[in-house]
Amino acid sequence: MSESNLVKYVQTTCPYCGVGCTLNLVVKNEKVVGVEPYKRSPINDGKLCPKGLTCWEHIHSPDRLTTPLIKKDGKFVEASWDEALDLVAKKLKETSDKYGPKAFGFQTSCRTVNEDCYIFQKFARVGFKTNNVDNCARICHGPSVAGLSLSFGSGAATNGFEDALNSDFILVWGSNALEAHPLAGRRLVQAKLKGIPIYAVDPRLSTTAKIADKWIQFNPSTHIALANSMMYWIIKADKHDKKFIEERVNGFEELKATVEKYADAEDIHGVPLETVKELAYKYASAKSAVIIYCLGVTELTTGTDNVRSMGNLALLTGNVGRPGTGVNPLRGQNNVQGACDMGAYPNVYSGYQKCEIAENRAKMEKAWGVTGLPDWYGQTLTEQINICGDEIKTMYILGLNPVVTYPDSNHVKRQLEKLDFLVVQDIFFTETCQYADVILPGACFAEKDGTFTSGERRINRVRKATNPPGKAKEDIWIISELAKKMGLKGFDLPTAKDVWDDMRNCTPSMFGATYEKLEKPESIVWPCPTLEHCGTPILHCEKFACADGKGNLFGIEYRPPAEVADAEYPFTMMTGRLIFHYHSRTQTDRSAALHYEVPASYVQINNEDARRLGIGQHEKILITSRRGKTETIAHVTDEIGPGVLYMTMHFNEGVNNLTNTVLDPMSKMPELKHCAVKVEKIGGN
Ligand SMILES: Nc1nc2c(c(=O)[nH]1)N[C@H]1C(S)=C(S)[C@@H](COP(=O)(O)OP(=O)(O)OC[C@H]3O[C@@H](n4cnc5c(=O)[nH]c(N)nc54)[C@H](O)[C@@H]3O)O[C@H]1N2
Ligand SMILES: Nc1nc2c(c(=O)[nH]1)N[C@H]1C(S)=C(S)[C@@H](COP(=O)(O)OP(=O)(O)OC[C@H]3O[C@@H](n4cnc5c(=O)[nH]c(N)nc54)[C@H](O)[C@@H]3O)O[C@H]1N2
Ligand code: SF4
Ligand SMILES: [Mo]
């Protein structure tokens, strides 16, 4: 048997969600032919969800991008790497010479490895002296980064997934973990079997709410009012943690004064007073209570304040800094934590070192061998789209599909058309590729080495199992070749480890996380500041990461969403996910098993609303907002309240034709989970 006929297992990390399950890719004849469990993983004990089990199926898809493409006379033609990269280098230089640093928009993926994200932001900053570099967290957990930084001094999850089993009470808020983070959801199932009470706060009877001991149904986007009501009753019943507040927390009086007004706010949040009290007392009375939350909390114009409300609850009751406690955003994409950690963010370098601080700039200038790094706060991903053609002339999108996933798809298309030059680097020809001038074919997770950082801050190794198809190249190769063509220094970093070490050397919180240490199954959870350090699974045990070491309570008033239902658009549209698909489905829809589970979009509509509008099960309907329309199929159900609709975000020409671009003032998160729409029956199935 020749060497290449042997079956080989390559241990790596799932490319989908932020749980970061370890798995083995099965390689035969240089091709990935399957997935097998990796049983010693402390994250998933060898178990995988349907996406993990099928994550190898898109790797050798015939639809993969295999060669650079250049748009000529409106058509894409194949090009050599030299031609494509020379053209990109020339156009980037032209933009730089003509308009300067603020004319660029650099947007990077949370799907690709840390090393790609780091080198991408280094390229933007070193090459063009711009801070207009951002990643997909902006439309995901950006409010968590902003909100938890204000509350605790660090924007990351405080405790690990498995730690929920040490809790006495689990509060799941706006997270459908069973579908969106199934192997973290498994910890909830284990907790339930152990007898730990789980309360799920969600406007919709999601799969996760179904397994909870109690489902608290509340009106969409009224988190602040509900949290304030809970805190009013906690203080009133003297169940707040006075010692913890005294020793470790600022802002109690401000909070107390604010929540006074929310004793009974049922008219806002819709939860009966007795239920609010029950929830409040259960949470506050537990010895150790944890809050697990997700996008139901963040993707609103009140996102940052919603997150701070989660922080408020935990600080008020002393539920931070111990096992079984904490505030844990379930970070979404496989590497959304990492993309932020790597400094692909408009105001920080890797490890959240602020660009506005002169010492940090001086340090990075020395490390990177440049001068003149910018101090200004760059444009965020959402703002960049809004100013295409005006301030932004040239955009570089690495591994994102804005035409499907950003709010108001019609707006996104119009804006991308205004650019002088657009580069898209992806592994498939996406809906966004249509708008590109040059398309660069990258390598997928199975074709490169590197790391993904999961939602519990664990840095997991990604290992190369096969070669990229055709002329496709590893993303770090593409960026460093481009940098070299532009005469930039500091990009002679041929391997992922070289890039990682470049990052480590200028990032105190990661310095001790060497590739050698990351080889172990349990890997390393950052912060890991020294070579001797073993990592930090629980944050804020002794003190918070704020300048004075204290956590911050905030008095936060409820604000309604930007667009509320009215006579013309009488329904509230909520959006989210389902277990079988991942985002714009570039990868999951190339698995036949996943495709056939849910091949087309649908909308959940309440029984009574459907009856009133004469809409039958599986009938076609037209949904219209102030920005666009979409046709879909009605799923008539009582899992959602009257006046509310729910659609998943996975389908092109789907729910983002309807959504609103209005932003959370603090985090610049658009209101992806709330807009007003009307519904008309089209009829037929
Ligand atoms: N299968 C699958 N898994 C994924 C992903 C995927 O695409 N597919 N994506 C990953 C990513 S990037 C992320 S960020 C996570 C997201 O993970 P989740 O946030 O758990 O998933 P969603 O379904 O977007 O939203 C969760 C819930 O928020 C609820 N919700 C609660 N409160 C409100 C509210 O006030 N308003 C609205 N409108 N909804 C509310 C909705 O009912 C919904 O069930 O999932 C990750 N995992
Ligand atoms: N209405 C509504 N909209 C939403 C949401 C919602 O809940 N509701 N959720 C939002 C959230 S939380 C998120 S995170 C975003 C997701 O938005 P996106 O990140 O735009 O979605 P993806 O489909 O994951 O796009 C990732 C792209 O990267 C490519 N890719 C994957 N791996 C690699 C790689 O290694 N290299 C390169 N070069 N490319 C790669 C994939 O083919 C794909 O085209 O959507 C947001 N949009
Ligand atoms: S839970 Fe998330 S990381 Fe684990 S197999 Fe499923 S998609 Fe992959
Ligand atoms: Mo996300």
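If you're wondering where the values come from, they're calculated on a predicted model, not measured in any experiment.

A tally of helices and strands in the chain yields 24 helices and 30 strands. For 685 residues, the compact-globule estimate of 2.2 N^0.38 gives 26 Å, and the C-alpha radius of gyration of the chain, at 24 Å, lies within 12% of that figure. For the chain, the residues scored as buried account for 64% of the 685 residues in total. The contacts of the chain with a sequence gap of at least 6 include a subset with a gap of at least 24, amounting to 74%. Total accessible area on the chain stands at roughly 23800 Å², and carbon and sulfur atoms take up 51% of it. Computed over 80 positive and 82 negative side-chain charges, the inter-centroid distance for the chain is 2 Å.

Here the focus is the site of ligand 3. For ligand 3, the full set of nearby residues is Cys14, Tyr16, Cys17, Gly20, Cys21, Leu48, Cys49, Lys51, Gly52, Pro182 and Leu183. Within the residue set of the shell around ligand 3, elements represented by two or more residues are helix 1 (50–53) and helix 6 (182–193). A breakdown of the residues in the shell around ligand 3 according to their chemical character gives 8 nonpolar, 2 polar and 1 charged.

Let us look at the sheet that holds strand 24 (residues 602–606). Reading around the circumference, 23-27-24-26-25-30 is the order of the 6 strands in this closed barrel, with mixed pairing throughout. For this sheet, the mean inter-axis angle between neighbouring strands, taken without regard to orientation, is 45°. Bridging between strand 25 (residues 620–624) and strand 26 (residues 629–637) involves 5 bridges; their strand directions are antiparallel. Bridging across to strand 26, Ile623 finds its partner in Thr630.

Now for the site of ligand 1. Taken together, 32 residues sit near ligand 1, with Ala180, Asp202, Ser221, His581 and Lys673 positioned nearest. For ligand 1, an oxygen atom lies 2.7 Å from a polar atom in the side chain of Asp202. Interatomic distance of 2.9 Å between a side-chain N/O atom of Arg204 and an oxygen atom of ligand 1. Considering ligand 1 on its own, with 900 Å² of exposed area, one finds that the protein chains cover 100% of that surface.

Before going further, it helps to spend a moment on the domain arrangement of the chain. As assigned here, the chain comprises domain 1 (7–54), domain 2 (69–136 + 334–448 + 461–502), domain 3 (141–330) and domain 4 (571–681). The distance between the C-alpha centroids of domain 1 and domain 3 comes to 32 Å. Taken residue by residue, the interface counts 12 residues in domain 1 and 10 residues in domain 3. Together, the buried faces of domain 1 and domain 3 total about 770 Å²; carbon and sulfur atoms form 60% of this surface. One salt bridge connects Arg186 with Asp45, and the closest N-O pair in it is separated by 3.0 Å. Between domain 1 and domain 3 we count 3 residue pairs in polar contact (both at pLDDT 80 or more) in total. Its residues assigned to classes, the side of domain 1 that touches domain 3 comprises 7 nonpolar, 2 polar and 3 charged.

Across soluble globular proteins, you tend to see nonpolar side chains buried next to one another. Phe123, Ile170 and Tyr396 are the most contacted members of the largest nonpolar core, which totals 136 residues. Ranked by the residues each element gives to this core, the list is headed by helix 3 (residues 114–128), at 8 residues. Apart from the residues within four sequence positions on either side, Phe123 is in contact with Leu92, Phe106, Phe128, Tyr396, Ile479, Leu482, Ala483, Met486, Leu488 and Phe491. Core analysis: the second largest hydrophobic core is formed by 45 residues, Leu148, Tyr232, Leu279 and Ala284 among them.

All chains considered together, the criterion is met by 21 aromatic pairs. Judged by centre distance (5.3 Å) and plane angle (75°), the ring pair of Trp81 and Trp477 falls under edge-to-face. Here Trp81, found in helix 2 (residues 81–99), pairs with Trp477, found in helix 20 (residues 475–485); they are 396 residues apart in sequence, far enough to count as distant. Of the residues examined, Trp477 reaches a relative accessible area of 28% and is grouped as partly exposed. Relative to Phe123, the ring of Phe106 lies with its centre 6.1 Å away and its plane at 85°, an arrangement referred to as edge-to-face. One end of the pair, Phe106, is in strand 6 (residues 104–108); the other, Phe123, is in helix 3, with 17 residues separating them in the sequence. Among the residues examined, Phe106 registers a relative accessible area of 0% and is labelled buried. Three or more aromatic residues joined by ring pairs make a cluster, and in this case those are Phe104, Phe106, Phe120, Phe123, Phe128, Tyr396 and Phe491. Sitting above the plane of the Phe554 ring, Arg308 keeps its charged end 4.2 Å from the centroid.

With omega at 0°, the peptide bond leading from Trp526 into Pro527 counts as cis. Structurally, Pro527 can be placed in the loop between strand 21 (524–525) and strand 22 (551–552). Its identity as a non-glycine residue notwithstanding, Ser523 has a phi of 55°, on the positive side. Checked against the element boundaries, Ser523 lands in the loop between helix 22 (515–518) and strand 21. Residue class for Ser523 comes out buried when judged on its relative accessible area of 6%. You will see that Lys668, though not glycine, has its phi angle at about 65°, which is positive. Its place among the elements puts Lys668 in the loop between strand 28 (660–663) and strand 29 (670–671). Owing to a relative accessible area of 25%, Lys668 belongs among the partly exposed residues under this scheme.

What follows concerns the pattern of salt bridges. Under the definition given, this model contains 39 salt bridges. Between Lys243 and Glu247 there is a salt bridge whose closest N-O contact spans 3.5 Å. Within this pair, Lys243 and its partner Glu247 are both found in helix 9 (residues 242–248), separated by 4 residues, close to a single helical turn. Judged by relative accessible area, Glu247 falls into the partly exposed class, the value being 45%. Arg463 serves as the salt-bridge partner of Glu519, at 2.8 Å between the closest nitrogen and oxygen. Of this pair, Glu519 sits in the loop between helix 22 and strand 21 while Arg463 sits in the loop between strand 20 (458–462) and helix 20, and the two are 56 residues apart along the sequence. The network of salt bridges with shared partners includes Asp449, Arg461, Arg463 and Glu519.

What counts and what doesn't
- Along each chain, residue indices are assigned from 1 in the same order as the chain's sequence is written.
- Think of it this way: whatever chain is written first is A, whatever ligand is written first is 1, and the rest follow in order.
- The predicted origin of the model limits local features to residues at a pLDDT of at least 70 and limits the giving and counting of side-chain atom pairs to 80 or more, whereas totals for whole chains, interfaces and linings rest on all residues.
- Think of the side-chain values as coming from all heavy atoms in the structure, minus any hydrogens and water.
- Each helix corresponds to a stretch of at least 4 residues labelled H or I by DSSP, and each strand to a stretch of at least 2 residues labelled E; elements are numbered beginning at the N terminus.
- Radius of gyration means the value over C-alpha atoms here, while the globule rule gives 2.2 Å times the residue count to the 0.38 power.
- Only protein chains enter the area calculation, which uses a 1.4 Å probe; residues under 20% of their type maximum are buried, those over 50% are exposed, and those in between are partly exposed.
- We call two residues in contact whenever any of their non-hydrogen atoms come within 4.5 Å of each other.
- Methods summary: accessible areas were calculated by the Shrake-Rupley approach with a probe of 1.4 Å, and residue burial reflects only the protein chains presented.
- All tallies of charge rest on Lys and Arg as positive and Asp and Glu as negative; His and the ends of each chain are not included.
- Every charge is mapped to an atom, namely NZ of Lys, CZ of Arg, CG of Asp or CD of Glu.
- For this purpose, a residue is taken to be near a molecule or strand whenever a single non-hydrogen atom of the residue falls within 4 Å of it.
- All residues other than Ala, Val, Leu, Ile, Met, Phe, Trp, Tyr, Cys, Pro, Asp, Glu, Lys and Arg, Gly among them, are scored as polar; the first ten of these are nonpolar and the last four charged.
- By the convention used here, strands pair only if DSSP detects at least 2 bridges between them.
- Axis lines are fitted to C-alpha atoms, over the contacting stretch for helices. Their N-to-C directions set the angle, which ranges from 0 to 180 degrees.
- Polar contacts, as used here, are pairs of N or O atoms within 3.5 Å; protein pairs need one atom able to donate a hydrogen and one able to accept it. Residues neighboring in sequence count only if both atoms are side-chain atoms.
- An automatic or database domain assignment supplies the residue ranges for each domain.
- In short, buried area is how much 1.4 Å probe accessible area vanishes from two parts on joining, totalled over both.
- Each reported salt bridge corresponds to a side-chain nitrogen of Lys or Arg within 4 Å of a carboxyl oxygen of Asp or Glu.
- In this description, a nonpolar core means a group of buried Ala, Val, Leu, Ile, Met, Phe, Trp, Tyr and Cys residues linked to one another through side-chain atoms lying within 4.5 Å.
- Between the rings of Phe, Tyr and Trp (Trp by its six-membered ring), a pair exists once the centres lie within 6.5 Å; its type follows the angle of the planes, with under 30 degrees stacked, over 60 edge-to-face, and the other angles tilted.
- Criterion for a charge above a ring: Arg CZ or Lys NZ at most 6 Å from the ring centre, at most 35 degrees from the ring normal.

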